[in-house]
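Topology and contacts: notes
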Amino acid sequence: MAALPLILSLLGVLIGTPIARARQACPHRGKVWAAFLAPLLALPIPSLQFQALGASLAAAVGAGLTAHKTVNQTFGVVAVLGASVTLLLLQKGF
């Protein structure tokens, strides 16, 4: 259950580009925004609030740094950063 925000951020990386293209917006910006906003869907679940904020932050940083790279590279960076933050929060008891 603690990995749900991370999964949402990874889905955001994958669906952000097609959504942005459909709206005739920059696909790189869509990838970053979707990766940032998707984990926040888990905020209503009290036990996942810290994980949702952490995954959102990690996804924003990872996707932002790799915005003009391929989707595969962004996916990998977001996965590594998100997993790191999720494990850190779980170790701290959040």
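Just above sits the structure.
Read on for a plain summary of the structure. (Residues numbered from 1 in each chain as written. Predicted model: local features only at pLDDT ≥ 70, side-chain atom pairs only at ≥ 80, totals over all residues. Heavy atoms only, no water.)

**With respect to unusual backbone geometry**
Quick reminder of the rule: Secondary structure follows DSSP: runs of H or I at least 4 residues long count as helices, runs of E at least 2 residues long count as strands, and numbering of each begins at the N terminus.
Here Gln24, not a glycine, exhibits a phi torsion of approximately 60°, which is positive. Looking at where Gln24 falls in the secondary structure, it is placed in the loop between α1 (4-22) and α2 (27-37).

**Focus: a nonpolar patch on the surface**
Here is the rule we go by: To count toward a patch, a residue needs a relative accessible area above 30% and no salt bridge. Like charges then connect within 9 Å, nonpolar side chains (Val, Leu, Ile, Met, Phe, Trp, Tyr) within 5 Å. Each accessible area value is a Shrake-Rupley result obtained with a 1.4 Å probe; residue values ignore everything except the protein chains displayed when judging cover. Any carboxyl oxygen of Asp or Glu within 4 Å of a side-chain nitrogen of Lys or Arg constitutes a salt bridge here. Buried means the residue's accessible area, taken with a 1.4 Å probe over protein chains only, is under 20% of the maximum for its type, while exposed means over 50%, and partly exposed covers the values in between.
A cluster of nonpolar residues, Ile7, Leu11, Leu14, Ile15, Ile19 and Val71, forms a patch on the protein surface that exposes about 490 Å² of accessible area. Considering each element in turn, the nonpolar patch owes the most residues, five residues, to α1. Turning to its location among the elements, Leu11 is positioned in helix α1. Overall, the relative accessible area of 43% leaves Leu11 in the partly exposed class.

**Quick word on the environment of Leu41**
Mapped onto the elements of the fold, Leu41 is located in the loop between α2 and α3 (49-65). When the C-alpha atoms of Leu41 and Ala52 are compared, they prove to be 7.8 Å apart, with eleven residues separating the residues in sequence.

**Section: the nonpolar core**
Applicable threshold: We call a set of buried residues a nonpolar core when its members are Ala, Val, Leu, Ile, Met, Phe, Trp, Tyr or Cys and they connect through side-chain atoms within 4.5 Å of each other. Residue contacts are counted whenever heavy atoms from the two residues lie within 4.5 Å of one another.
Counting nine residues, the largest nonpolar core is built from Leu6, Leu10, Val13, Val32, Ala35, Ala59, Ala63, Ala67 and Val78. The set of elements that each furnish at least two residues to this core consists of α1, α2 and α3. When residues in this core are grouped by element, the largest group, three residues, is from α1. When residues no more than four places from it in sequence are discounted, the contact partners of Ala35 are Ser9, Gly12, Val13, Ala59 and Ala63. Residues Leu8, Ala38, Leu48 and Ala52 belong to the second largest nonpolar core, which totals five residues.

**Re the packing of α1 against α3**
Geometry of a packed helix pair, given as the angle between the helix axes and the separation of the axes. For clarity, the cut-off: Between N-to-C directions, angles span 0 to 180 degrees; the directions come from axes that are lines fitted to C-alpha atoms, helices contributing only their stretch in contact. When an angle is under 35 degrees it counts as roughly parallel; over 145 it counts as roughly antiparallel; between 65 and 115 it counts as roughly perpendicular; any other value is oblique. Rotating anticlockwise by less than a right angle from the far helix to the near helix defines a left-handed crossing, while the corresponding clockwise rotation defines a right-handed one.
Following both chains from N to C, one finds α1 and α3 inclined at 30°, their axes separated by 8 Å at the closest point. Compared by their axis directions, α1 and α3 come out roughly parallel. As α1 packs across α3, the resulting crossing turns out to be right-handed. Across from Pro5, Leu6 and Ser9 in α1, the residues of α3 making contact are Gln51, Ala52, Ala55 and Ala59.

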